[in-house]
Amino acid sequence: LCGISAPAQKVFIANDFGNCGVGLRDSSGKWLAEPIYQSIRDWPDGYYLVLLGSKEGVLDSTGKVIIPAIYDYLQMERVYRDSLSDYIFFNAKNDGKAGLLNINHEVVIPLQYRYINVNYDGTIVAKRSKTRYSLFDIYGRETVIPDRQPEAPDPIGDHLLYVARNTCWPVFSQRYHQSKKYS
């Protein structure tokens, strides 16, 4: 059998001035996402950040809603686990509380933290309170750092973190046990 493939349609962010909205159109002019949004921003890998009213969400390049527009803030985060795979997450914030969502809009880290910092290697630091932090992996497994911290743990790559302890900075490994002690 011989197949003929049609050229891929390009996706454009398009204004509908009559309805005062923004949507997604393909190169044939067909609306993929109706122009109901106040703004749309192009993100990598065919994702689009949308603003609907005062809430943010995410569409894919077919116009499908990936993350509904119900969040005060969304930021795409990419984690590289090895040279062959990477994962996309969305750092979300609502009512001043931060959490992490996966590409299927499943909650990886509940929206209950002051902020979430996602390191490229999958090490995630969440601020619980003024002096308390938790460490997470990309599956949402949590380790609460037992001591109060004068500042956030500092990811240094390869699943290692500096964690302040009094006047020294021990290094914790991916499994969050102490590896080395620096002062």
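Worth saying up front: this structure is predicted, and the values here are computed from it rather than measured.

> Now, about the overall build of the protein: what can you tell me, with residues and values included?
On a plain count of helices and strands, the protein comes out with zero helices and 19 strands. Here the protein, with 183 residues, has 42% of them falling under the buried criterion. A separation of at least 24 residues holds for 22% of the contacts in the protein among residues at least 6 apart in sequence.

> Go over the packing of aromatic side chains with me, naming the residues and quoting the values.
Under the counting rule described, the total for this entry stands at three aromatic pairs. Each residue in the set Trp43, Tyr47 and Phe90 is aromatic and connected to the rest through ring pairs, giving one cluster.

> Report on the sheet that holds strand β8 (residues 73-80), specifying residues and quantitative values.
In spatial order, the strands read β8-β9-β10-β11; together these four strands make up an open sheet with antiparallel pairing. One side of each edge strand has no neighbouring strand; the edge strands of this open sheet are β8 and β11 (107-113). Neighbour to neighbour, the strand axes of the sheet diverge by 20° on average, direction disregarded. Pairing geometry for strand β9 (residues 86-94) and strand β10 (residues 97-102), over six bridges, is antiparallel. Bridge assignment links Lys93 to a residue of β10, and that residue is Ala98.

> So what's going on with unusual backbone geometry? Which residues, and what values?
Even without being glycine, Cys20 reaches a positive phi, approximately 55°. By the secondary structure assignment, Cys20 is in the loop between β1 (11-16) and β2 (21-26). The exposure class assigned to Cys20 is exposed, which follows from its relative accessible area of 71%. Backbone geometry places Asp45, a non-glycine residue, at a positive phi of 65°. Among the structural elements, Asp45 can be located in the loop between β4 (39-43) and β5 (47-52).

Criteria and cut-off values
- Throughout this description, residue numbers start from 1 for each chain and increase along the sequence as written.
- Confidence filtering applies because this is a predicted model: local features only for residues at pLDDT of at least 70, side-chain atom pairs given and counted only at 80 or more, and all residues used for totals across whole chains, interfaces and linings.
- Excluding hydrogens and water, the side-chain values take into account all heavy atoms of the structure.
- Secondary structure elements follow DSSP: runs of H or I of four or more residues count as helices, runs of E of two or more count as strands, with numbering from the N terminus.
- A 1.4 Å probe rolled over the protein chains alone gives each residue an accessible area, and that area as a share of the maximum for its type sets the label: buried under 20%, exposed over 50%, partly exposed in between.
- What makes two residues a contact is simply this: any of their non-hydrogen atoms within 4.5 Å.
- Aromatic pairing here means that ring centres of Phe, Tyr or Trp (its six-membered ring) are within 6.5 Å. Orientation follows from the plane angle: under 30 degrees is stacked, over 60 is edge-to-face, and everything else is tilted.
- The rule for pairing is simple: two strands pair if DSSP sees at least two bridges between them.
- Axes, fitted as lines to C-alpha atoms, cover a helix only where it is in contact. Angles between the N-to-C directions of the axes lie from 0 to 180 degrees.

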